[in-house]
Every structure is written in structure tokens, then in C-alpha cells.
Amino acid sequence: ATRMEVLRTGVSSLGNFDPDSGITEPAAIQRKCTRLISRMMMLICAHDCIRRGMDPIEPAQGRSLAYNFLYMRDGQQPSPEAERAMEVQLILHADHELNASTFAARVVASTMSDVYSSVTAAIGALKGPLHGGANEDVIKMLDEIGSPEKAESYIKEKLSRKIKIPGFGHRVYKTTDPRAVVLRKYAEQLTRGSEQLERTYATALKVEEVVTANTKVYPNVDFFSGIVYRAMGIPNDLFTPIFALSRAVGWTAHIQEQWANNRIIRPRAEYTGPVDLKYVPIGKRG
């Protein structure tokens, strides 16, 4: 199973163990949401440890979510710079209006289903490569290019075949995603001092230069986030689960907002197919 499949199934099962299960008072709902976010972190980290042949690591008491995510992967105390970078990543990914996963969460919540079902639906939507996972694709692309000197020919060849460059373009932003501006700074800071990481960052800058010059399409939040994760030693296939962990804050906020003034979300559909068709019994159909 992929990490996102494990997270989706794990979150779905957590509802069976929630002491507030079935209670719909606002205070109980808030407790469920808070509990879910912390347990999602533990699910991701515990599965990561088990996959590497390690026992799950207990969280450090009194520390931030960002600190504990890094600590619970290997038991090593993260640097203040790494903790702050992870905290910034979690904040920047926490919410972004009515994207596909947030909409999925609100649709399920609008039926008066529970928090866990709503977030499970959101994770299912985020799992799709057109929503989550773009930062992983960016890192794969940068690895394939290998160096800044090869970036221009690589990108122009892709553009000539009308292949989308990962990490660029956004349905909302027509200029550089403001979240990318913040993450560019952290990518530069965290890659400093490592020849390999500095090369990856320099390659990214060259890719950005070539893409924007030839398409007028600008970087989105995914373009630099994967570089920041790699600089912290996080493997590629953890990028989307981290996205889910941060977005869970937004999902649960939207769920509570939905319930505060609920009406079931039920879009109408307009039929545009053929009309006045004659019914043919199934036994007589060719």
C-alpha cells in the first residue's frame, strides 16, 4: 500500500476509537478535530518508522507539531531552522479556499456525517495526482535534469511537446504564488552548505527562469516545497502525506463552518443528451 492509502485507511479507522464518537456538541467536535490532527501525524510517522524496520517513536511532550513530526521520524532533535521551516510549510499548506479536497470534506460533512468520514473523503481527493503530489513530481524532474546547465534544453524540449512542467501555474494566481515566494527563501537557506542540495536549488532557479520566460506561467506552492522537504531528509513519498497533515487543519475548520450553518450540498445537473427516445425492451436490444 502507498503511504496515502495507509493514511486514508488509518484515519477512517480512528473514528472507532474516539471517546467522543457520536457526540455532536460543538466542544466535542472541536476535541475530535484537534485529536485527529495530532493522530494523523502519529500515523504518518509510525508507518514511516515501521517501513524502515524501526519501532514507532513517542512524541516529545511540550513540543510543536512541526518539531514532533521531524523528531518522530528518527528520534533525532531537529535544528531550530528545520523546525521553523516545517512549521512554515504546515502553515502555508493549511488552507487554500475551496480546492478539491476541501470541497469533498464539506460535501460529506453537509450530509451530517462525522469528522472522520469527511476527512477520509478529503484524503481520497488529495491522493489524486492532479491535486496532491505535484511537489514530488518537481523533485523527480529536478533529479532527472541533474544540473542548471541542462535545464534550458530539458524544459524547452518538454514545452515543444506541450508537456506540463510540474510546480507551475495555478487556478487562482496568475503571477508567482505568494507561498512560493516564502518557500524559495527557506529552500535557499536549508540547501546552503551541501553541494548536492545547492545544485538542486540552482537547477530549480534555472527551471523557473526558463519556464517563466517562455510561457509567462509562474511557480506555485509546490515548486520549492519539495526542495525544503529534501533538505530536511524527508523522502519523496512523504510529501503528500505531509500536505494532508497540514491541510487537515483547513479541512476540519471547514467542516465546523459547514455545520455551523448547514445545508446539504447538492448541485443540480443539466441533461444535454438525446431526447424523445423510444424504449426498447432489453431482450430486443441489439
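Look a little higher up for the structure.
For clarity, every value in this text was computed on a predicted model and none was experimentally measured. (Residues numbered from 1 in each chain as written. Predicted model: local features only at pLDDT ≥ 70, side-chain atom pairs only at ≥ 80, totals over all residues. Heavy atoms only, no water.)

Some thoughts on the layout of surface pockets
Moving on, step 1. The space that makes up the largest pocket amounts to roughly 980 Å³.
Moving on, step 2. Around the largest pocket, the lining comprises 32 residues; the ones closest to its centre are Leu130, His131, Gly169, Asn220 and Asp222.
Moving on, step 3. Mapped onto the lining of the largest pocket, the elements with two or more residues apiece are helix 7 (134-145), helix 8 (151-160) and helix 12 (239-260).
Moving on, step 4. A per-class count over the lining of the largest pocket returns 14 nonpolar, 8 polar and 10 charged.
Moving on, step 5. Taken as a whole, the second largest pocket holds about 250 Å³ of empty space.
Moving on, step 6. Taken together, the elements giving at least two residues each to the lining of the second largest pocket come down to helix 1 (3-14), helix 7 and helix 12.
Moving on, step 7. Residue contributions to the lining of the second largest pocket peak at 3 residues, all from helix 7.
Moving on, step 8. Looking at the lining of the second largest pocket residue by residue, the classes come out as 3 nonpolar, 4 polar and 7 charged. (1 Å grid on protein atoms, 1.4 Å probe; cavity = no way out; pocket = protein on both sides within 12 Å on 5 of 7 lines; lining within 4 Å. Points joined across faces, edges and corners; volume = space filled by probe spheres on them. Helix = DSSP H or I, 4+ residues; strand = E, 2+ residues; numbered from the N terminus. Nonpolar A, V, L, I, M, F, W, Y, C, P; charged D, E, K, R; others polar.)

Side note on empty space enclosed by the protein
Here the idea is plain: a probe the size of a water molecule rolls over the atoms and shows the empty space left.
Moving on, step 1. Tallying each qualifying case throughout the model produces 1 cavity of 30 Å³ or more.
Moving on, step 2. Roughly 40 Å³ of volume is contained in the largest cavity.
Moving on, step 3. Along its surface, the largest cavity is lined by Arg3, Val6, Leu7, Leu43, Ile44, His47 and Leu238.
Moving on, step 4. For the lining of the largest cavity, the residue count by class is 5 nonpolar, 1 polar and 1 charged.

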